[in-house]
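Coordinate analysis (summary)
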Amino acid sequence: MAAVVARAPPMPARSSTPPPHLTLNTSTRGTPVAVPNKHIPVCSPGPVPDRGLVTPPASPPTRDSIIETSSVTFPPTKNCCEYSDDPPIFTMTAETLAEALEHMATQPLPDPDQVFPWLHGLHADNQIQLAFFTNRRKSGRKVPRCLRGLTIVKTGGNLASSKLKGAIAPDEILASGDSSFIECDPKDGFSVRNFQIQACKMATVSDIVVYGDLRTSPSDTVALAKRISKAQRQSEIRNGLPRCSFNTFMLSDTFTHVQEKFSRLVAIDSRGSMTGNVADFFYWERFEMCTMSKASEISNNVFLGPTPDPVLDPSCCDQIFDVLIEASDVAHVPDPPTLRKVRSMLEKSERRGALQLDFPSSGSIMPPSWSHTEVDGLMDMCKWIYGLANPADARRSKRKMSESDEAIELEDIKKPRKVLIHCTDGYTETSLLGIAYFMYAEGLPAHEAWVRLHRDKGRNFFAYPSDVSLLTQIQGRILQSSPKFQDSPFHIAEPRWLTRIDGSLPSRILPYMYLGNLGHANNPELLRELGITRVLSVGETVSWPDDVKEELNWPAENLMMIDRVQDNGVDPLWEEFDRCLKFIEAGKKEGGATLVHCRVGVSRSATICIAEVMNELGLSFPRAYCFVRARRLNVIIQPHLRFTYELLKWEEYQRQRRNEPPRRELEWATIAREIALMNKPYSR
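What you see is a predicted model; the values in this text were computed from it and never measured. Sequence order as written defines residue numbering, which begins from 1 separately in each chain. With the structure being a predicted model, the display of local features is reserved for residues of pLDDT at least 70 and the display and counting of side-chain atom pairs for 80 or more, all residues being used for whole-chain, interface and lining totals. Side-chain numbers here rest on the full set of heavy atoms in the structure, without hydrogens or water.

We now examine the overall build of the protein. When helices and strands are tallied, the protein shows 21 helices and 17 strands. Counting every position in the protein, which comprises 684 residues, the buried fraction comes to 60%. In this description, contact between two residues means that some pair of their heavy atoms is separated by no more than 4.5 Å. Long-range contacts, defined here as pairs at least 24 residues apart, represent 77% of the contacts in the protein between residues at least 6 apart. Accessible surface is estimated by sampling points in the Shrake-Rupley manner with a 1.4 Å probe; for residues, cover comes only from the protein chains shown. Element-wise, carbon and sulfur atoms account for 51% of the exposed surface of the protein, whose accessible area totals about 28200 Å². Runs of H or I in DSSP of at least four residues are treated as helices and runs of E of at least two as strands, each being numbered from the N terminus. Only protein chains enter the accessibility calculation, which uses a 1.4 Å probe. A residue is then buried if its area is under 20% of the maximum for its type, exposed if over 50%, and partly exposed in between.

Moving on, we get to helix H12 (residues 446–455). With respect to burial, H12 is a largely interior element, seven of its 10 residues being buried. Ala446, His447, Ala449, Trp450, Val451, Leu453 and His454 are the residues of H12 that are buried.

Each nonpolar core is a collection of buried residues, namely Ala, Val, Leu, Ile, Met, Phe, Trp, Tyr and Cys, held together in the definition by side-chain atoms within 4.5 Å. Counting 75 residues, the largest nonpolar core has Ile325, Met381, Trp384, Ile385, Ile435, Trp450 and Leu471 as the members making the most contacts within it. At 10 residues, helix H9 (residues 372–389) tops the list of elements feeding residues into this core. Setting aside residues no more than four positions away along its own chain, Leu471 makes contact with Leu378, Leu432, Ile435, Ala436, Met439, Ala446 and Ile478. Residues Val115, Val143, Val205 and Val565 belong to the second largest nonpolar core, which totals 68 residues.

Here we come to the packing of aromatic side chains. Here a Phe, Tyr or Trp ring, Trp counted by its six-membered ring, pairs with any other such ring whose centre lies within 6.5 Å, and the pair is stacked when the planes are under 30 degrees apart, edge-to-face when over 60, and tilted otherwise. One pass over the full model with this rule turns up 20 aromatic pairs. Plain terms: the ring middles of Phe90 and Phe249 are 5.8 Å apart, the flat faces sit at 35° to each other, and that makes the pair tilted. Separated by 159 residues along the polypeptide, Phe90 in strand E2 (residues 88–92) and Phe249 in strand E6 (residues 248–251) bring together distant segments of the chain. Here Phe90 and Phe249 have matching classes, each one buried. Relative to Phe190, the ring of Phe132 has its centre 4.8 Å away and its plane inclined at 65°; by these criteria the two rings are edge-to-face. Here Phe132, found in helix H3 (residues 127–133), pairs with Phe190, found in the loop between strand E4 (163–164) and helix H4 (198–203); they are 58 residues apart in sequence, far enough to count as distant. Overall, Phe132 belongs to the buried group, its relative accessible area being 2%. With a relative accessible area of 22%, Phe190 lands in the partly exposed category.

By secondary structure assignment, the location of Thr221 is in helix H5 (residues 218–238). Among residues more than four places away in sequence, those in contact with Thr221 are Thr155, Val210, Tyr211, Gly212, Thr216 and Met250.

For Ser229, the position within the fold is in helix H5. Here a polar contact is taken to be a pair of N or O atoms separated by no more than 3.5 Å, where protein atoms must pair a possible hydrogen donor with a possible acceptor and residues adjacent in sequence count only if both atoms sit in side chains. Here Arg233 takes part through its side chain, which lies 3.0 Å from a polar atom of the side chain of Ser229. Apart from the residues lying within four places of it in its own chain, the contact partners of Ser229 are Pro87, Pro88, Ile89 and Thr248.

Once that is clear, we can look at the packing of H9 against helix H13 (residues 465–481). Axis definition: a line fitted to C-alpha atoms, limited for helices to the stretch in contact. Angles are taken between N-to-C directions and run from 0 to 180 degrees. Close contact between H9 and H13 brings their axes to 11 Å; oriented N to C, the two are set at 45°. What the angle tells us is that H9 and H13 run oblique. Read as a crossing pair, H9 and H13 show a hand that is right-handed. Counted together, Val375, Asp376, Leu378, Met379 and Lys383 of H9 and Leu470, Leu471, Ile474, Arg477, Ile478 and Ser481 of H13 form the full contact between these two elements. Residue polarity follows a fixed list, in which Ala, Val, Leu, Ile, Met, Phe, Trp, Tyr, Cys and Pro are nonpolar, Asp, Glu, Lys and Arg are charged, and the others, Gly among them, are polar. Taken together, the residues that form the contact of H9 with H13 break down as seven nonpolar, one polar and three charged. Orientation labels follow simple angle bins: below 35 degrees gives roughly parallel, above 145 gives roughly antiparallel, 65 to 115 gives roughly perpendicular, and whatever is left gives oblique. Less than a right angle of anticlockwise turn of the near helix away from the far helix marks a crossing as left-handed, whereas a clockwise turn marks it as right-handed.

It is worth spelling out helix H11 (residues 431–442) at this point. The terminal C-alpha atoms of H11, which comprises 12 residues, lie 16 Å apart, in line with the 16 Å expected from a rise of 1.5 Å per residue. Taking burial as the measure, the 12 residues of H11 include 11 buried ones, the bulk of the element. Taken as a whole, H11 has its buried residues at Ser431, Leu432, Leu433, Gly434, Ile435, Ala436, Tyr437, Phe438, Met439, Tyr440 and Ala441. Just past H11, the residue Gly443 takes up positive phi, approximately 65°. By this rule, a helix spans an expected 1.5 Å times one less than how many residues it contains.

Attention now goes to unusual backbone geometry. Comment: phi is negative for the bulk of residues other than glycine, and the bulk of peptide bonds are trans. The residue after Phe74, namely Pro75, is reached through a cis peptide bond having omega -5°. Relative to the elements of secondary structure, Pro75 occurs in the segment before strand E1 (81–85). Look at Asn301: it is not a glycine, yet its phi comes out positive at around 70°. Note that Asn301 resides in the loop between strand E8 (296–299) and strand E9 (302–306).

Turning to the sheet that holds strand E12 (residues 419–423), a few remarks are in order. Read from one edge to the other, the open sheet built from five strands follows the order E8-E9-E12-E10-E11, with strand pairing classed as mixed. Of all strands in the sheet, those bounded by a partner on one side alone are E8 and strand E11 (355–360). Strand-to-strand twist in this sheet, taken as the mean axis angle between neighbours without regard to direction, amounts to 30°. When DSSP finds at least two bridges between two strands, those strands are taken to pair. The pairing of strand E10 (residues 323–328) with E12 spans four bridges and is parallel. The partner of Val323 across the bridge, within E12, is Val419.

What follows concerns the packing of helix H7 (residues 281–292) against helix H19 (residues 621–631). For the pair H7 and H19, interaxial distance at closest approach is 8 Å and the crossing angle is 50°. What the angle tells us is that H7 and H19 run oblique. In terms of crossing hand, the pair formed by H7 and H19 is right-handed. Here Phe281, Trp284, Glu285, Glu288, Met289, Thr291 and Met292 of H7 lie close against H19, whose contacting residues are Pro622, Arg623, Tyr625, Cys626, Phe627, Arg629, Ala630 and Arg631. Here the residues of the contact of H7 with H19 are counted per class, giving nine nonpolar, one polar and five charged.

The values are spatial; any link to function lies outside them.
Set out below in structure tokens:
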């Protein structure tokens, strides 16, 4: 399978004070701002054994060979100097730190079977978690001998400035006021997505480097290093490890020196600005969202897209729009006098820049309680936009307009104007106005406008069920007023697929690959409408009625099932990657598209889609993860810990196939920590 390598563009440097809609916060003191209307669906791992009374499925075969990760920092006296003997602390130069981090990034990760279920977090008192995992492997609670990490801790914990690559705060690993590691394994509950504990778990099997910035007192850094060294000694005793298996180091060079000589190690500089040298999940998710939903023309002179942001998309400044209509949940429907005023301002020669206008967001007009005033306002807006974008056509079609229509005075419109309908992410809040206008301007019923906007115009979006219901109910009025619709609007037959959908379409990840749920997979008429010709089922079986199978004449070889893979943190998936990707590639060569699905469309199937993006675009796992996450639209992808780890191993394999040495962009603990921070705003 050929791989087209398309490297991601470098992240531009920018101030830590971002635009209002793009807030950066990756410290433990706060969390990133949630993307509106995204949510984390429930991903059940299936029935949990009752303390071993239920016989669990057999574990996948394990690899017997254990390869211990080598390290620049062990033994500590090899490249570092001793600072104190009790507790043992060493000093390290910036040059050695850079060498150690680079060496760590090039070491192959241990096999998943060697580190799971330990990484899931097996607390001695958590009987549910233990019953589920340790019945599969009795030694699951033992610290894996194959793990050796490198953890960087900043004195004081302020990560908003002077942040080194992968740095964390002391309170992420140390118990408050104590010299011991936090007991990070959850004492209660069951989860295969404990991303929030990984930084602390890996710290217990890591050499730890402590550093401070210009505001930090050296005595504070020494005190922190002593606490950490003592915590390492306690951890070694508790886990039966030799003394000084892992060690504590203090960075002897200043942060200024690191910033000047080893800038590639700096994520956020001393002024609080992102350097662009270290991949940032939060930034890349927003970047991919804006790339995916980049402004494009849906009808003559009318565009849909994200709110213009020259930092994320410098090319947005090259598109000159006359009117910017922002869909917002705090906006009201503009009345006719407001529309007349804006139109009048457009004709003034001294006007500079685009005029701003607001309109209610998707989901704000709720059937059956919607009022005629709201629908009148939606209709007026569509006519007003059409009149600005197509003044000549609007004048010719005036016969379809009511004589009492005060929103548009066509004689005053001299030339076509460009209009952008926008919101922060380019799709969440604009779908109501976007679909309504597309119906009006192109003369299409709701279901056809919905599909064509996605399939023919290339727009990725989801529509609230309330929007679909509203537009279906009022489509007769929209089409009756449309300048393009000529037939009777009152006898339009709804397709069967429309009644079986909740508002969302499958998510287009690549032109030839969609990610969806079991409901999407069991709606073959919808799949055919979207140009999807293959279905890859990961752990869940489709059930199509026999009459539908015959009607659609779907070849059996275009359906593939990956069975015996549950979302339980135990069943491996990476052994199926090649088979799945060959199936997807076959569909691509045929000129069709493949739907990859599981039950919810966020874990097993998302893992396969990430693997294909890494294979096709040559992206690292962190960037491929953000690529797919942004395109899953209204839900948050949730590959569990083992699948995420397997994808990091898949990155090694991809580099090997390209004859490149192993080299991770970010380490496991950092990746897990960033995912946990990204998901925190959506947690219930």
